Structures are given as structure tokens and as C-alpha cells.
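# Tertiary structure, described
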Amino acid sequence: MSSNIMPNPGLAPTESAPTGVVEEGEKNPFLVTLGERVRTLRARRGMTRKLLATAADVSERHLANLEYGVGNASILVLLQVAQALHCTLAELIGDVTTTSPEWLLIRELLHGRDDDTLRRVRESIGELLGTGGSSAQFNTRIALIGLRGAGKSTLGRMLAEDLGFPFVELSREIEKFAGCSISEIQGLYGQNAYRRYERRALEEAIQIYPEAVIATPGGLVSDAATFNLLLSHCTTVWLKAEPEDHMKRVVAQGDMRPMADSKEAMGDLKGILAGRAAFYSKAQHQLDTSAGDLAATFHALRQVVRASLQVAA
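Treat the numbers as computed from the prediction; the structure is a model and nothing was measured. (Residues numbered from 1 in each chain as written. Predicted model: local features only at pLDDT ≥ 70, side-chain atom pairs only at ≥ 80, totals over all residues. Heavy atoms only, no water.)

### Some remarks on the pattern of salt bridges
To keep things clear, this is the line we draw: Any carboxyl oxygen of Asp or Glu within 4 Å of a side-chain nitrogen of Lys or Arg constitutes a salt bridge here. Runs of H or I in DSSP of at least four residues are treated as helices and runs of E of at least two as strands, each being numbered from the N terminus.
Counting across every chain of the model gives 14 salt bridges. The partner of Lys282 in a salt bridge is Asp115, and the shortest N-O contact between them spans 3.4 Å. Of the two residues, Lys282 sits in the loop between helix H14 (262-280) and strand S5 (285-288) while Asp115 sits in helix H7 (residues 115-129), which places them 167 residues apart along the sequence. A salt bridge links Arg199 to Glu203; its shortest N-O distance comes to 3.1 Å. With Arg199 and Glu203 both in helix H11 (residues 191-208) and 4 residues apart, the pair spans about one turn of that helix. Shared partners join several salt bridges into a network, and the residues in it are Asp116, Arg119, Arg120 and Glu123.

Put into C-alpha cells, the structure is as follows:
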């Protein structure tokens, strides 16, 4: 067995680069780093290239090309290699949680845990790092999350007036930062730039307002860092509604784009809602805004928030 153990992630003495390898500068940087990770993982497990090729059921030549960054392997081949190395595909391809032994040990501890356990771990980490934790449920910043048309702006203004808190429409704050409309930000600078403005607007709102009602854009939950910031510093309420109500309310606001192809638009809306529901459900409270009229819905929201803030209703 000791003959299979290599002292470093490079080549074993009997291994050589495949013939006809192109110069390093001509290779795709991603394929080069992918190959380096394969060699590193192989060395960590004390496997020769021949042994790994056999375990992964790929040719040794194919594996050699992969390791040298000249083989553009299919996702199925990468999955076979990952399984043979007893690692995740993420570890093979590379992400932040695979960059150090500590990250990998943390991943292993969390693997297979249920959502409730993971939530408690996240809150404990937030408390440890000073970025907020389970105490966020008592925070006097109230953040309303949910898809457009859920009632965040209407109910948010009513709630802010009732509590005597400032009302912050985060979309308007984003536009102030950028100096142009949301659609212009996305059209001119792209989605990544929009997410940066969104994060800055939330950071400033948290810094300025110890008490506030914040209406958030529907897509905020799609950026994990921004959503984590929100969860850590705000009492969160998910305003839920039926897809048909979302659509009807958006159109009532004067936006006719959803009706350009109503059947397809409704399908897209349901898909977005399904994709984000797991994130929206991380809010401390949920309220169905399709269950009653505006007055009844506001009364229910008022009771939930005042109970959370331990303020008499």
C-alpha cells in the first residue's frame, strides 16, 4: 500500500504528461485549475493515476488529459471521477467551501442535517461572529419579504404608520444609489450590478434605522449574502399570496407586462414562487394576504408584529 502514497499532489515518478500537451498559456484557466484539483485530491487519497482511472471507469489517457487541463471532460466523467475520489462534485470543481481543511470539516459536520438543525447552526454562527443570530426575531426593524404583488408596499406603509416607524421602500433606495431606475440598472449594468446596489441599500438602511418597516424587492432572497444580512438584522415577515393575486395586483399597479402573454407569464410566476418559497419560508413569520381583505390582513399583520416586538396591540 505504501507504494501508492505520493509525497505531493504532482506526478508520481513513473507518471508523465500526455504527449502533445499544449503550452500552459494556451490552456483554459478553468480546466487547468480543475486538473490541479484532481491531482491534489488523488494525492491526498494516495492513488496513482492508473488506480484512479480504473476506479472511475475512464481511460488513463483521458484522466491524464483532464489532470493537465487539456481534456474538456463531460459532467458525467467528472461525476465518475468525484465518486472514485470519494468527494463531492463541488469539491472537485471547486467552491469556497472546499478551499481549506476547516471548510471541508464543517461541510462534513453539516452533511445530512435537517433544516431545523441547519437553521440553529446558522443562528449560532451569527451570534459567534457578531453578525446577528436568533435574537433577530426581537429586532425592531421589520422586513417584509415576498413576491411583487404580495402587498409589501401597501401593508408596509400602514404598519409603519401604526408603529410610528419610518417606512423604507428598498427599491427606491436602490434607485437613489444608482441614479436611475431599476429597469435601467438591470438593462445597462446587468443583474450583478443590481445585486450590489441592493446590498448597499440594505446595509445603509440597517445602519441608519434602528426602527423601521422595510419593504424588500422580491428577488432579494436570491442573493444568499444579502438575505443572510436581512435575517440577521431584521424581524422578517413573508407576505404570501396566491399566484393569481400576485398577477392581479401587479396589473392593478399599472404594469401590463405580465399580460403580454398571460398564460406563459402565469407559468413563469408560479415557477419563480416555487423556486423562492424555500427561502421566503426562513422568515420568522408568515402571513397569507390572499386570505382576507386589506383591513383584515393588516389587522393580522399588526398583531403578529406587535406580539413579536412585545408591544401591546
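### Structural notes on the packing of aromatic side chains
For the record, the criterion: Centres within 6.5 Å make a pair out of two Phe, Tyr or Trp rings, where for Trp the six-membered ring is used; the pair is then stacked when the planes are under 30 degrees apart, edge-to-face when over 60, and tilted otherwise. Throughout this description, the term charge over a ring refers to an Arg CZ or Lys NZ atom that lies within 6 Å of the ring centre and within 35 degrees of the ring normal.
Evaluated as defined, the whole model comprises 1 aromatic pair. Between Lys240 and the ring centre of Trp238, over which it is positioned, the NZ or CZ distance is 4.8 Å.

### Observations concerning the sheet that holds strand S2 (residues 167-169)
For the record, the criterion: We treat two strands as partners when DSSP finds at least two bridges between them. Fitted lines through C-alpha atoms serve as axes, helices being fitted only where they are in contact, and the angles separating the N-to-C directions of these axes extend from 0 to 180 degrees. Here, two residues are considered to be in contact whenever any of their heavy atoms come within 4.5 Å of each other.
In space, the 5 strands of this open sheet follow the order S2-S3-S1-S4-S5, with parallel pairing throughout. Sheet topology places S2 and S5 at the edges, where each strand pairs with a single neighbour. Taking each pair of neighbouring strands and ignoring which way they run, the sheet shows an average axis angle of 20°. Helix H9 (residues 170-178) contacts S2 and strand S3 (212-215) of the sheet and is inclined by roughly 60° relative to S2.

### Points about the confidence of the model for the protein chain
Keep this limit in mind: Per residue, pLDDT measures the predictor's confidence, with a range of 0 to 100.
In this model, the protein chain carries a mean pLDDT of 83, and residues with pLDDT of at least 70 account for 86%. Taken together, the stretch residues 1-14 has pLDDT below 50 and engages in 20 contacts with residues farther than four places along the chain or on a different chain.

### Remarks on helix H4 (residues 75-84)
The test is simple: Relative accessible area decides the class of each residue, using a 1.4 Å probe on protein chains only: under 20% of the type maximum gives buried, over 50% gives exposed, and in between gives partly exposed. By construction, the arc corresponds to the directions joining the helix axis to the C-beta atoms.
For H4, the set of buried residues is Val77, Leu78, Val81, Ala82 and Ala84. For H4, the angular spread of buried residues about the axis comes to 165°, placing them on one side. In H4, those exposed residues whose orientation departs by more than 90 degrees from the buried face are Ile75, Leu76 and Gln83. On its buried face, H4 is in contact with helix H1 (29-44), helix H2 (49-56), helix H3 (60-67) and helix H5 (89-93).

### A few points about the layout of surface pockets
Stated precisely, the cut-off is as follows: Put plainly, a pocket is an open set of points on a 1 Å grid over the protein atoms alone with protein on both sides within 12 Å along at least five of seven lines, a cavity is a set where a 1.4 Å probe fits but cannot get out, and a lining residue has an atom within 4 Å of a point. Grid points are joined across faces, edges and corners, and a volume is the space filled by probe spheres set on the points. Charged means Asp, Glu, Lys or Arg here, nonpolar means Ala, Val, Leu, Ile, Met, Phe, Trp, Tyr, Cys or Pro, and polar covers whatever is left, Gly included.
By volume, the largest pocket is sized at about 1,400 Å³. Residue lining of the largest pocket: 43 residues in total, with Leu147, Arg148, Gly149, Gly218 and Val250 positioned closest to the centre. For the lining of the largest pocket, the elements supplying multiple residues, two or more each, are helix H8 (152-163), H9, helix H10 (182-189), H11, helix H13 (243-252), H14 and helix H15 (294-308). Top contributing element to the lining of the largest pocket by residue count: H14, with 5 residues. Taken together, the residues that form the lining of the largest pocket break down as 14 nonpolar, 16 polar and 13 charged.

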